[in-house]
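Descriptive structure summary
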Protein chains: 2
Amino acid sequence: MVRKPERGSLAPRGASSGGLADRLRLIVVTDAAAAAPGTVEDVVAAALRAGAPAIQLRDKNATAAELLRTARALRGPTRAAGALLFVNDRLDVALAAEADGVHLGEDDLPVAVARRVAPPGFLIGRSADDPALARRSADEGADYVGCGTVYPTSTKPDAGAVIGLDGLERVAAAVPVPVVAIGGITSARAAEIAVRTSAAGVAVVGAVMAAPDPEEAVRSLRAPWEARRGRTQRP
Amino acid sequence: MVRKPERGSLAPRGASSGGLADRLRLIVVTDAAAAAPGTVEDVVAAALRAGAPAIQLRDKNATAAELLRTARALRGPTRAAGALLFVNDRLDVALAAEADGVHLGEDDLPVAVARRVAPPGFLIGRSADDPALARRSADEGADYVGCGTVYPTSTKPDAGAVIGLDGLERVAAAVPVPVVAIGGITSARAAEIAVRTSAAGVAVVGAVMAAPDPEEAVRSLRAPWEARRGRTQRP
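Residues numbered from 1 in each chain as written. Chains lettered and ligands numbered in written order. Predicted model: local features only at pLDDT ≥ 70, side-chain atom pairs only at ≥ 80, totals over all residues. Heavy atoms only, no water.

Points about the overall build of chain A
- Along chain A, the regular secondary structure elements total 11 helices and eight strands.
- Residues classed as buried in chain A amount to 54% of the 235 residues present.
- A fraction of 63% describes how many contacts in chain A between residues 6 or more apart in sequence connect residues 24 or more apart.
- Carbon and sulfur atoms make up 51% of the accessible area of chain A, which totals about 9,800 Å². (Helix = DSSP H or I, 4+ residues; strand = E, 2+ residues; numbered from the N terminus. Buried < 20%, exposed > 50% of the residue type's maximum accessible area, 1.4 Å probe, protein only. Contact = heavy atoms within 4.5 Å. Areas by Shrake-Rupley, 256 points an atom, 1.4 Å probe, with all protein chains shown as cover.)

As structure tokens, this is what we get:
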């Protein structure tokens, strides 16, 4: 059973932290293979046109030089659209490309270490699928937690156990920073997450990268969060 | 034919740049497979006992988290021995471990970009096997150039063409920063390089990592440079 968010509020946790939670309602994670025959740059451009508030560049197969080239190619459009740009794993590439932040997993630099190297205001996300790790990540300075795998997915075969909505809510209830659900997210599932958990948003790979119409995909993934915001803002 | 170093001097180029050239007479590059069944940490400890002035941590198979753990394990001993510690490729790991510098290749961050991200005084090395690339690297802010493959080698199967002593000297003559020869270096070849080129030193992988006696290997790799220094200091 998914517990009701505490304090009877459906507002995402961390909503007070400078509007970051609002900007994490949807993180579009790149995947060159899923975008083919299109390019990551083209799909990101479409996602930004549809109002995607955050992009995470991820390419485990790219060299640092290649990753930097793509990050730089995405920096202008994301900045122009007022969207956040994160780079997966490589803090050095993120800093070099003047990205807004880095997303770290268990094989990457520890959050506390990245926090010391990064300049003030630089955003750090950390993957965590259980409350203890999520709390530790927040304590070490993570600005948000990416939580999953929520639903089974094919785009990240190395993803861990499927934790479901219950597991997601346990993490979201455990930390004071925004929690973003990842893993097998579709627009229907985004709606379910928005209604039934206190997650701040969702991160998607295939749902946008492999979509026949990435703009439409982004709009339908955004809709549940706008609806939730409308509900919480009613007197 | 190897050209004689200009100005009739056998002093390494870059010898004036704060003593860096002296500290680059020998860079011991790590290789976990070559060190087996020993550990990289043990071989580095032996190399430091024998006076190795610089260590470069390289492990293309390690995650960032693993690389950081090894870099931290090497930071104390290298600092205590007064030796430089470089990390291959990962500027972020190098910064996080408080290494003295990073070594960059063609797949890594461009030198100019790394220079902007790194703090003042942080050392940046760049691989370059031709004079034009070496000059560009120095212009972008590289503190030294790693030049090779000088001799055929098995420890870096992705290394480029074998350039020989002629190719090495062309690079060494082209740049104002120290040039370190890499690729198939043995103590006999180090002696040849010290006598016949203006390279500042040599970088070795297998010659120390896979040596039956790493201390002895370091001593014999250092010897030609001490002998050259003796010659150039004669009135």
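Considering the relation of the copies chain B and chain A
- When chain B is brought onto chain A, the operation consists of a screw motion whose angular component is 180° and whose axial shift is 0.0 Å, with 0.0 Å RMSD remaining. What we have between these two chains is a two-fold relation. No C-alpha of chain B lies nearer the rotation axis than that of B:Asp92, which sits 2.4 Å from it.
- A symmetric contact is evident, with 100% of the interface residues of chain B recurring at the interface of chain A. (Least-squares fit on C-alpha atoms with pLDDT ≥ 70 in both.)

Some thoughts on the interface of chain B and chain A
- The partner chain A presents 20 residues to the 20 residues of chain B that form the contact.
- Together chain B and chain A conceal approximately 1,500 Å² of surface at their shared face, both sides included; 64% is due to carbon and sulfur atoms.
- At the boundary of chain B with chain A, the tally comes to two salt bridges.
- Measuring nitrogen to oxygen at the nearest pair gives 3.4 Å for the salt bridge that ties A:Asp89 to B:Arg90.
- Here chain B and chain A share 11 residue pairs in polar contact (both at pLDDT 80 or more) between them.
- Those elements that place two or more of their residues in the side of chain B that touches chain A are α4 (64-81), α5 (91-96) and α6 (111-117) of chain B.
- Its residues placed into classes, the side of chain B that touches chain A shows 11 nonpolar, one polar and eight charged. (Buried area = accessible area lost by both parts, 1.4 Å probe. Salt bridge = Lys/Arg side-chain N within 4 Å of Asp/Glu carboxyl O. Polar contact = N/O pair within 3.5 Å; in protein donor to acceptor, adjacent residues only side chain to side chain. Nonpolar A, V, L, I, M, F, W, Y, C, P; charged D, E, K, R; others polar.)

What to know about the packing of aromatic side chains
Residues and elements named next belong to chain A.
- Applying the stated criterion across every chain yields a total of two aromatic pairs over all chains.
- Considering the side-chain rings of Phe-86 and Tyr-144, the 5.3 Å spacing of their centres and the 70° angle between planes classify their relative orientation as edge-to-face. Placement of Phe-86 in strand β3 (residues 84-88) and of Tyr-144 in strand β6 (residues 144-147) is noted, with a sequence separation of 58 residues between them. For the pair formed by Phe-86 and Tyr-144, the shared burial category is buried. (Phe/Tyr/Trp six-rings, centres within 6.5 Å; stacked < 30°, edge-to-face > 60°.)

All we've got here are geometric facts, nothing functional implied.
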